[in-house]
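# Examining the three-dimensional arrangement
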Amino acid sequence: MGSVGKIDRGVVTVTTCWADERVYYPLHAVPYTPAHHFPQGRNDPDFRTKLRIGAAPAREAKQAGVFFRAVAADCDHGDQDGFRSELAHAGLPFVMALKPGHGAWSHKDAFRPTDAARELARAGPNHPGDWTAVTRTFHNGGTATRWAADARLGWWGPDGTTRPVVAATDPATPPARSTRYLATNLPRPGSPREATSRHRAADPAEVVRIYGIRHWIEQSYKQVEDELGWADVQVRSDTAIRRHQTLVNCAFSFCWDTWFAPPPSVDAEELEPHPPERGNSHVPPAPNGLPAPSDPGRPWLVGALDHAATPPAGMVDQAPAHRTPGPDQRPRHRKTHRPLHPGLTNHR
């Protein structure tokens, strides 16, 4: 668990998140129940793996009318043929990472994605061969050139139902740390599958772009867990966990709605002074405890294009907030307001 820096027990929740280059938004969240809670363990009919749980919310998002280009997943959780088969059977497009050692068995040796990348043709910088230059644009305005190409991995190929794509920073000798191996069911433009596929064709550049958006999912976890308390669900029942996560998603939705809402207009009547209301007209002084030294303008979680730093980093860069004086620091002989009559506050 990254939050505690060690291996420890925790609550696992499978989530789906909609994202593009600008925003991200949580869709569904389903707590994962470990196998030892079921009478027959992993053989119990009610037990579901995290991947099987993940396929169901993806289908529910489509049924709810949520539009998305493809389902994206990394190789830690999505590198399983069964998971891809469930998505394909549900009519969902996907772009998923493959582990470099994902073997496609042929004869006596396993043919791996690293072998497929080495077989791609390239004769030099001016003759890229099978590779296509891809320009990646980051949220801080910077750009970088990547190279992508359709590959063959066993029975997978550019015109197959599952299509391997390799993305690397150096096509001559693809580095191990900066090379990504992807699998998608989006057809290749101009392939025989383009006319019969239910999904719109995507060239290697778009496949790489879709997988690059997946990193916003990790960003959403940081914001939701650190800022809104998603992870504060230990030692609770299953129902309490679901209620807590629903409230967190409501808070998340409120922040996005406030961020995109236009600034309120000020009417001329609001600028005119109004007579004081009946009763105590004395306004107590504002407390010293301020959330921030300056007004941020409008609340937000993350601006994918407008802000390079995330909110936690932005909070660190600001000056510390003023501390509200404790009871022992307040004047002991200050005047207190008389309480209102119960009849004035007991609204029914």
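Structure: above.
Parameters and conventions
Numbering of residues begins from 1 in every chain and follows the order in which that chain's sequence is written. The predicted nature of this model means local features are confined to residues of pLDDT at least 70 and side-chain atom pairs, given and counted, to a pLDDT of 80 or more, with totals for whole chains, interfaces and linings taken over all residues. Side-chain measures were taken over the full set of non-hydrogen atoms in the model, leaving aside hydrogen atoms and water. Put simply, DSSP marks the helices as runs of H or I at least four residues long and the strands as runs of E at least two long, and each gets a number from the N terminus on. Here's how the labels work: a residue is buried when its accessible area is under 20% of the maximum for its type, exposed when over 50%, partly exposed in between, all with a 1.4 Å probe on protein chains only. Should any heavy atoms of two residues lie within 4.5 Å, those residues are considered in contact. Strands were regarded as paired on the criterion that DSSP finds at least two bridges between them. Axis definition: a line fitted to C-alpha atoms, limited for helices to the stretch in contact. Angles are taken between N-to-C directions and run from 0 to 180 degrees. Distance and chemistry together define a polar contact, namely a pair of N or O atoms within 3.5 Å, with one atom able to donate a hydrogen and the other to accept it when in protein, and with adjacent residues in sequence counting only for side-chain atoms on both sides.

## Quick look at the overall build of the protein
Of the regular secondary structure elements, the protein holds 10 helices and 10 strands. Taken over 348 residues, the protein has a buried fraction of 34%. For the protein, contacts bridging at least 24 residues in sequence account for 53% of all contacts bridging at least 6.

## Focus on the sheet that holds strand E9 (residues 163-168)
Pairing is mixed in the open sheet, where six strands are placed in the order E3-E4-E10-E9-E8-E7. The sheet is open, and its two borders are formed by strand E3 (71-73) and strand E7 (132-137), each paired with just one other strand. Averaged over all neighbouring strand pairs, the angle between strand axes comes to 30°, with direction disregarded. Note that strand E8 (residues 143-150) and E9 share four bridges and pair antiparallel. Of the residues in E9, the one forming a bridge with aspartate 150 is valine 165.

## Digging into the environment of serine 220
In this fold, serine 220 is placed in helix H6 (residues 215-228). Overall, the relative accessible area of 5% leaves serine 220 in the buried class. Sequence-wise, serine 220 and cysteine 17 are 203 residues apart; in three dimensions their C-alpha atoms are separated by 8.2 Å. Beyond its immediate sequence surroundings of up to four residues, serine 220 is in contact with Cys17 and Tyr24.

## What to know about the side chain of threonine 13
Tracing the backbone through its elements, the reader meets threonine 13 in strand E1 (residues 13-19). With a relative accessible area of 18%, threonine 13 lands in the buried category. Here glutamine 245 takes part through its side chain, which lies 2.8 Å from a polar atom of the side chain of threonine 13. In this view, threonine 13 contacts Ala29, Val30, Pro31, Tyr32, Trp230 and Gln245; residues no more than four positions away in its chain are not counted.

## Observations regarding the pairing of strand E2 (residues 24-31)
Where E1 meets E2, seven bridges bridge the pair, whose relative direction is antiparallel. Paired with threonine 13 across the strands is proline 31, a residue of E2. Between E1 and E2, which pair antiparallel and follow one another directly, the connecting turn spans four residues.

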